[in-house]
Each structure stands twice: as structure tokens, then as C-alpha cells.
Amino acid sequence: MRKTNRFTPAREQRGFTLIEVLVAALVLSVGLLGLAGLQAVGQKLSHSAYQRSQAASLAYEMADAIRANAANAGDYTGTHGPGECNAALSWADTGSVAGDDLAEWANRIACLLPGGQGSITRSDDEMAIAITWSEERARGTDAAPATDSGEDLRDQFSVDIEL
């Protein structure tokens, strides 16, 4: 008589267990959340770079206008903005070339940069052109802080020219 074994021999494991699948799903979800966070930061920084390039373009545009009207360079000094964007403004007629240039420049700053403001100062034969704008979006806030944290939520681009 032959003796039979009541226990069946162990089989090789095939496939994945439920725990392995859950761990893989967890690792994948953490990776995807990290990727989404990187995408959001990239969007903010990209917009900040766009605004800085717009400010640089506007500052150099005004520098060229001042050089073209160097005889009346003193008429360009002052603070311009913040103002309201007038998208219909294509040509300002204030009676002077400097006034026209400044009106169009201030309007473009208002249209392209949130809370934008331009200032032009003169010291002998040097002119300083500065443009400031709100960087709240890039800094991750929607409004000014409720308490004065000392953090500057404005960015600035400036250029100095010699007449």
C-alpha cells in the first residue's frame, strides 16, 4: 500500500499580489503629484519671465524715444502710472512729442504689466528709466499680505542711458 501525502507540494508564485499592486499605484500617484507641482511652478516662472521681457522691451522703447527727442529729454522725467489700460488707444495727441510718447508708454505699461508704473529721472546727461509691476502671481499670492511681512511683491526693471 502506498502512502499518500495529504499536503500538495508548494506551487511557484505567479503574478502580483494585491499589496504589490497597491504599492506600485502609490508610488505612481506620488510621482504624478510631484510632476503636477513642477508644472505649476514652471507656469508661474514662465509668466514672470514674460512680464520681465515686456518690461525690458518697454524700457528700451522709451530709451529710444528719449534719444530720438534728446533736445527735449527733460520733458520725459516723472512718474507715469499706474493707470487704466485703454486698448483702443493707438495714437495719443497731447501737443508735444514727449507728451505723446509718455501717454502711449504709460498706456502700454498699464495694458501689459499688472499694477505697472514707469518712472524716468535725469541727472546731467544720464537718464534712468525704471518700470515696476506686481509680482503677486509669481510669488504665489493673490493679494497683498494682510500684515506687513516686509516682502516686496513688486518687481523692477531699470535701464540707464546717456544722452
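Placed above this text is the structure.
Residues numbered from 1 in each chain as written. Predicted model: local features only at pLDDT ≥ 70, side-chain atom pairs only at ≥ 80, totals over all residues. Heavy atoms only, no water.

Visitor: Help me understand helix α1 (residues 18–68), please; the structure alone is not making it clear to me.
Guide: An α-helical turn contains 3.6 residues, so any two residues separated by three or four positions project in the same direction. With 51 residues, α1 extends 75 Å between its outermost C-alpha atoms, agreeing within 8% with the 75 Å of an ideal straight helix rising 1.5 Å per residue. Those residues of α1 that fall on the buried side of the exposure criterion are S48, Q51, Q54, A55, A56, L58, A59, M62, A63, A65 and I66. (Helix = DSSP H or I, 4+ residues; strand = E, 2+ residues; numbered from the N terminus. Expected span 1.5 Å × (residues − 1). Buried < 20%, exposed > 50% of the residue type's maximum accessible area, 1.4 Å probe, protein only.)

Visitor: In this structure, what is going on with the environment of E135? I would like to understand it.
Guide: Looking at the secondary structure, you find E135 in the loop between β3 (126–134) and α3 (136–139). Separated by 19 residues in sequence, E135 and R154 place their C-alpha atoms 5.1 Å apart.

Visitor: Looking at this structure, how should I read the state of the cysteines?
Guide: Put plainly, a disulfide is one covalent bond tying together the sulfur atoms of two cysteines. Taken as a whole and assessed by the stated rule, the structure comprises one disulfide. Two residues, C85 and C111, share a disulfide whose sulfurs are 1.9 Å apart. Since a negative S-S torsion denotes a left-handed disulfide, the C85-C111 link at about 95° is right-handed. Residue C85 is found in the loop between β1 (78–80) and α2 (97–112), and its partner C111 is found in helix α2; the two are separated by 26 residues along the sequence. (Disulfide = S-S within 2.5 Å.)

Visitor: Help me understand the sheet that holds strand β2 (residues 117–123), please; the structure alone is not making it clear to me.
Guide: In a beta sheet, neighbouring strands are held together by backbone hydrogen bonds and run either parallel or antiparallel to one another. Reading across from one edge, β1-β2-β3-β4 is the order of the four strands in this open sheet, with antiparallel pairing throughout. In this open sheet, the two strands that pair with only one neighbour each are β1 and β4 (154–162). Each adjacent strand pair in this sheet contributes to an overall mean axis angle of 15°, direction not counted. Judged from the seven bridges that link them, β2 and β3 form a sheet pairing that is antiparallel. The partner of S119 across the bridge, within β3, is A130. The sheet contacts of α1 involve β2, β3 and β4, and relative to β4 the element is tilted by about 25°. The sheet contacts of α2 involve β1, β2 and β3, and relative to β2 the element is tilted by about 140°. (Pairing = 2+ DSSP bridges. Axes fitted to C-alpha atoms, helices over the stretch in contact; angles between N-to-C directions. Contact = heavy atoms within 4.5 Å.)

Visitor: Looking at this model, I keep getting lost on the pattern of salt bridges. Mind explaining?
Guide: Should their charged atoms come close, side chains of opposite charge can pair. As enumerated under the stated definition, the model contains three salt bridges in all. Close ionic contact of R67 with D64 constitutes a salt bridge, the shortest N to O distance being 3.4 Å. Of the two residues, R67 and D64 are both situated in helix α1; the distance of three residues between them amounts to about one turn of the helix. On the basis of relative accessible area, D64 is assigned to the partly exposed category, the value being 48%. (Salt bridge = Lys/Arg side-chain N within 4 Å of Asp/Glu carboxyl O.)

Visitor: What exactly am I supposed to notice about a negative patch on the surface here?
Guide: On the surface, a cluster of negative charge is contributed by D124, D125, E126, D160 and E162. Residue position: E126 is located in strand β3. (Patch = residues over 30% accessible without salt bridge, like charges linked within 9 Å, V, L, I, M, F, W, Y side chains within 5 Å. Areas by Shrake-Rupley, 256 points an atom, 1.4 Å probe, with all protein chains shown as cover. Lys, Arg positive; Asp, Glu negative; His and termini not counted. Charge placed at Lys NZ, Arg CZ, Asp CG, Glu CD.)

Visitor: Would you explain a nonpolar patch on the surface in this entry?
Guide: A surface patch of nonpolar side chains, about 470 Å² in accessible area, is lined by F16, L18, V21 and L22. Here V21 lies in helix α1. Among the residues examined, V21 registers a relative accessible area of 43% and is labelled partly exposed.

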